[in-house]
2 protein chains.
Amino acid sequence: MGPLHDIKVLDFTRVLAGPYATMILGDLGAEIIKIEQQGSGDDSRAYGPYLKGESAYFMSLNRNKQSLTLNLKTSEGIDIVNKLVEQVDVVVENFRPGTMEKLGIGYDKLKEINPRLIYASTSGYGQTGPYSHRPAYDAVVQALGGIMSITGQPGGQPTRVGSSVGDITAGLFCAIGILTALHERNQSGEGQMVDVAMLDCQVAILENAISRYGVTGEIPRPVGNRHPSIVPFEPFDTQTSPIMVAVGNDHLWKIFCDLINLDIAEDPRFAVNPKRNENYLALRPIIANRLKEKTSEEWQTIFDKAGIPNGPINSVDKVVQNEQVLAREMIVELDHPVAGKMRMPGIPIKLSRTPGELKDPAPVLGEDTDSLLKKYLKLSDEKIEELRINRVI
Amino acid sequence: MGPLHDIKVLDFTRVLAGPYATMILGDLGAEIIKIEQQGSGDDSRAYGPYLKGESAYFMSLNRNKQSLTLNLKTSEGIDIVNKLVEQVDVVVENFRPGTMEKLGIGYDKLKEINPRLIYASTSGYGQTGPYSHRPAYDAVVQALGGIMSITGQPGGQPTRVGSSVGDITAGLFCAIGILTALHERNQSGEGQMVDVAMLDCQVAILENAISRYGVTGEIPRPVGNRHPSIVPFEPFDTQTSPIMVAVGNDHLWKIFCDLINLDIAEDPRFAVNPKRNENYLALRPIIANRLKEKTSEEWQTIFDKAGIPNGPINSVDKVVQNEQVLAREMIVELDHPVAGKMRMPGIPIKLSRTPGELKDPAPVLGEDTDSLLKKYLKLSDEKIEELRINRVI
């Protein structure tokens, strides 16, 4: 039993930010009851590529969840939601603000049914403020939130991060908010609303860019792959593929010079990091020439022995074979009843006594509708059949 | 009182991943007792730029924390740790694996003192596996973990994300692990260890890249700023600065064509998204030409009215002035006793009943040493003076 085994989540989320949050809760043992639109289901079921007709995108985000189809535009569908809300701990949704209210299941309604309910919303811009009702996608939020403006090659254009960190970080903060509200409820006995905006999360992950700008007045720009203030701390070409080296201090610098057979460790232009920074343009080619003399693998062995942080720039095919990634069970394979075996990331939160677990592959649409309606609403087979004929489920 | 006001955290973390996790806990009301190396403190106190001698980097990550200096290489320092461990709920550390054990305060030791203790470690590669003792920095982990390989301009080089998402996502997952273990402890009465690796977290945030590769066999590469499968969904130049537009479906596509005065909504090459994808190279210049006809601000007004997701690519100076960011209190100013006023990101987790709060600016080194030693160890002024002379504190 996972550490959150006593927590029940009614999950209205679709696509990425919300499903990422509930995936984390499900990986850690919470029961996730995913409400999917009757007929079509989570929008991301339509995202390719497909494996025997099942979306790989959907499957990689919805393991450890149950699927209950509901038509939320019918009064019977809403009645079912209300009865489920009585029995769960958490509701999560990532519609545009106002949508749940229009359906008659906004927080103000649901907290009357269940005052202990934690009601979590993730949205592009949040439940408040002048943009709150605007639509947003990851790309727009990455653009607005500043991370694109500091990502990219020097002098080049602002660059979108290749994974949807706008959605994913919102999912992470949302999970933190839910767990925090659950903790607080243990004392107060009361639920509350958790409101997480993708844009807010982008601001929160800008690291020191905001304080740096505030102090210096200089607008942070893309600096490519080098560190803004530590040298050498960037990739270099080798005889084979590039290698990332991170010579984080002057002690490592001396060792590094020895290893690459360079007699410049004590050179006044390069002896200490501020000087290396100042004389970066002179230093880089000197190092670059040396590193071209061996293969990436040879350098990795040499640097690893001496404790110089380094590594290859892995493409995804290399990541899924990396011995550390595999040793940490960060690539797992789940056997889906329709799609068959599929690989996906494992659980990055390793708990010593009550670890998370990967129990179930993603559900097919409506897979658990009947069993959940029987379990939580005590509905008869006849009633379920009637709901199905009426397209409520 | 924040929602975690009953939680005490003994915080050995330095620089970024660990301090980010404890900042979140502190923002939500936990008491954070930051143990800093006697004499020098958190390494990041030495990172520029400085404001009246105080590091902006450090200040932006250590608000809502107390600073207690300790020399962990003295037996008296370790005695103090042990006495504090009796009284706290959580220990967090981000040393290289093995360091806490060498100091005599590894999890096995500390759980004997306090079996209810949650002991959280973040590290580059985790506590287990062949790389576990290797040093890592954000840049190396971004390289190894695959995110660089999918970030960048098409055909261009792999690109580091401009903020340290290797550290930051580890901090987020670490906070989730701690809160989960606290939840579990309410039932079992027992603590446990939380082990979070930066590399694992990079794998976990690759979104669908791993499943996509698994299904298609195609290695994901940088695709620049466009969406891999939706068109148009990327920035375009205007009369002024570029604008990001995200036309997420065929319904929006028709509206978009009207708005930019293009008669191609029903053109068979472009009418549905798969066709727009197929004919991307023909379509992009047609749209690009239109969008050059007005300013970014004019297009934003037009698109906003019609519900087309869009936005500017903001640099940091624009982010900190954005009306939505400000309305959400995502830029806050704290008044530091030495540095004065400094702006930094606010709290992205908005709780309706027990919100987090920004109580205190980052501490100066050792600011709370005396008060904490009196409060938790009942030490006298004389004893504290003696510890100070002996450089224990």
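Residues numbered from 1 in each chain as written. Chains lettered and ligands numbered in written order. Predicted model: local features only at pLDDT ≥ 70, side-chain atom pairs only at ≥ 80, totals over all residues.

Observations regarding the nonpolar core
Here's step 1: Ranked by internal contacts, the top residues of the largest apolar core, which has 230 residues, are L25, I176 and I178 of chain A together with L25, I176 and I178 of chain B.
Here's step 2: L25 of chain A has contacts with L4, I7, V9, A30, I32, A175 and I178 of chain A, leaving out every residue within four places of it along the chain. (Core = buried A, V, L, I, M, F, W, Y, C linked by C-beta atoms within 7 Å. Buried ≥ 20, exposed ≤ 12 C-beta atoms within 10 Å, placed from the backbone. Contact = placed C-beta atoms within 7 Å.)

Points about the interface of chain A and chain B
Often, the extent of an interface is quoted as the loss of accessible area on bringing the components together.
Here's step 1: Tallying the contact residues gives 124 residues for chain A and 124 residues for chain B.
Here's step 2: Here the side of chain A that touches chain B gets 15 residues from one element, more than from any other, and that element is helix α7 (residues 165-188) of chain A.
Here's step 3: Its residues assigned to classes, the side of chain A that touches chain B shows 69 nonpolar, 39 polar and 16 charged.
Here's step 4: By the bridge criterion, two bridges tie strand β14 (residues 350-351) of chain A to strand β8 (residues 193-197) of chain B in an arrangement that is antiparallel. Bridge pairing in β8 of chain B links K350 of chain A to D195 of chain B. (Helix = DSSP H or I, 4+ residues; strand = E, 2+ residues; numbered from the N terminus. Nonpolar A, V, L, I, M, F, W, Y, C, P; charged D, E, K, R; others polar. Pairing = 2+ DSSP bridges.)

Considerations on the domain arrangement of chain A
Here's step 1: Segmentation of chain A into domains returns domain 1 (8-205 + 323-389) and domain 2 (233-318).
Here's step 2: Computed over C-alpha atoms only, the centres of domain 1 of chain A and domain 2 of chain A are separated by 43 Å. (Domains from an automatic or database assignment.)

Points about the sheet that holds strand β9 (residues 233-236) of chain A
For sheets, the rule is that strands pair by backbone hydrogen bonds, running either parallel or antiparallel.
Here's step 1: Read across the sheet, three strands follow the order β9-β10-β11 (chain A) without closing on themselves; strand pairing throughout is antiparallel. Whereas interior strands pair on both sides, the edge strands pair on one side only; in this sheet they are β9 and β11 (310-312) of chain A. Geometrically, the sheet is characterised by an average inter-axis angle of 20° between neighbouring strands, direction not taken into account.
Here's step 2: Note: strand β10 (residues 243-246) of chain A against β11 of chain A, three bridges, orientation antiparallel. What sits directly across from M244 of chain A, in β11 of chain A, is G311 of chain A.
Here's step 3: Contacts from helix α6 (residues 138-145) of chain B reach β9, β10 and β11 of chain A, with the element oriented near 20° to β11 of chain A. (Axes fitted to C-alpha atoms, helices over the stretch in contact; angles between N-to-C directions.)

Describing the relation of the copies chain A and chain B
Both copies of the chain are related by a screw-like operation: a rotation about an axis and a shift along it.
Here's step 1: The two copies are related by a screw motion: chain A maps onto chain B through a turn of 180° and a shift of 0.0 Å along the axis, at an RMSD of 0.0 Å. One copy is carried onto the other by what is essentially a two-fold rotation axis.
Here's step 2: Comparing interface residues between copies, 100% of those in chain A also lie at the interface in chain B; the contact surface is shared. (Least-squares fit on C-alpha atoms with pLDDT ≥ 70 in both.)

Here we look at the pairing of strand β5 (residues 66-70) of chain A
Here's step 1: For β5 of chain A, the tally of buried residues reaches five of five residues, placing the bulk of the element in the interior.
Here's step 2: Neither face of β5 of chain A is open: one carries Q66, L68 and L70 of chain A, the other S67 and T69 of chain A, and all of them are buried.

Side note on the environment of R134 of chain A
Here's step 1: Relative to the helices and strands, R134 of chain A is located in the loop between β7 (118-123) and α6 (138-145).
Here's step 2: Sequence-wise, R134 of chain A and S123 of chain A are 11 residues apart; in three dimensions their C-alpha atoms are separated by 9.5 Å.
Here's step 3: Leaving out residues up to four positions away in the same chain, R134 of chain A has contacts with G124 and Y125 of chain A together with D304 of chain B.

A few points about the packing of helix α1 (residues 17-27) of chain B against helix α7 (residues 165-188) of chain B
Geometry of a packed helix pair, given as the angle between the helix axes and the separation of the axes.
Residue and element names in this part refer to chain B.
Here's step 1: Axis separation between α1 and α7 bottoms out at 7 Å; the angle between their running directions is 45°. When the axes of α1 and α7 are compared, the pair comes out oblique. Pair α1 / α7 crosses with right-handed handedness. Judged by residue contacts, A17, G18, Y20, A21, I24 and L25 of α1 engage D167, I168, A170, G171, C174, A175 and I178 from α7.
Here's step 2: Looking at the contact of α1 with α7, its residues break down into 10 nonpolar, two polar and one charged. (Parallel < 35°, antiparallel > 145°, perpendicular 65-115°, else oblique. Left-handed = near helix turned anticlockwise from the far one by under 90°.)

Some words on helix α13 (residues 296-306) of chain B
Along an α-helix, residues three or four apart share an orientation, since each turn contains 3.6 residues.
Residue and element names in this part refer to chain B.
Here's step 1: Here α13 has its buried residues at S296, W299 and F303. In an axial view of α13, the angular spread of the buried residues amounts to 65°, which keeps them on one side of the axis. Facing away from the buried side of α13 by more than 90 degrees, the exposed set consists of T301 and K305.
Here's step 2: Contacts made by the buried residues of α13 are with β10 (243-246), α10 (250-259), α12 (280-291) and β11 (310-312).
Here's step 3: Looking at the residues trailing α13, positive phi occurs at G307, about 75°. (Arc of directions from axis to C-beta.)

Thoughts on the sheet that holds strand β7 (residues 118-123) of chain B
Here's step 1: The seven strands lie next to each other as β14(A)-β8(B)-β7(B)-β6(B)-β1(B)-β2(B)-β5(B), forming an open sheet whose pairing is mixed. The open sheet terminates on both sides in strands that have one partner only, identified here as β14 of chain A together with β5 (66-70) of chain B.
Here's step 2: Both strand β6 (residues 90-93) of chain B and β7 of chain B contribute to a ladder of four bridges, which runs parallel. Paired with V92 of chain B across the two strands is A120 of chain B, which belongs to β7 of chain B.
Here's step 3: Where helix α3 (residues 75-85) of chain B meets the sheet, it contacts β1 (8-11), β2 (31-37), β5 and β6 of chain B, and its direction lies at approximately 140° from that of β5 of chain B.

A short note on the environment of G366 of chain A
Residue and element names in this part refer to chain A.
Here's step 1: If you trace the backbone, G366 turns up in the loop between β14 and α16 (369-377).
Here's step 2: Each C-alpha atom of the pair G366 and K34 lies 9.1 Å from the other, and the pair is 332 residues apart in sequence.
Here's step 3: Among all residues touching G366, those that are not within four sequence positions of it are E36, S67 and T69.

What about unusual backbone geometry?
Residue and element names in this part refer to chain B.
Here's step 1: Here the residue pair G48 and P49 is connected by a cis peptide bond, since its omega of -5° sits within 30 degrees of zero.
Here's step 2: For P49, the position within the fold is in the loop between β2 and β3 (50-51).
Here's step 3: A cis amide bond, omega -10°, links V231 with the succeeding residue P232.
Here's step 4: With respect to the helices and strands, P232 occurs in the loop between α9 (209-216) and β9 (233-236).
Here's step 5: Phi is positive for K52, close to 50°, though the residue is something other than glycine.
Here's step 6: With respect to the helices, strands and loops of the structure, K52 is situated in the loop between β3 and β4 (54-55).
Here's step 7: One non-glycine residue with positive phi stands out, namely N261, at about 60°.
Here's step 8: Tracing the backbone through its elements, the reader meets N261 in the loop between α10 and α11 (273-278).
Here's step 9: Judged by C-beta crowding, with 8 C-beta atoms within 10 Å, N261 ranks as exposed.

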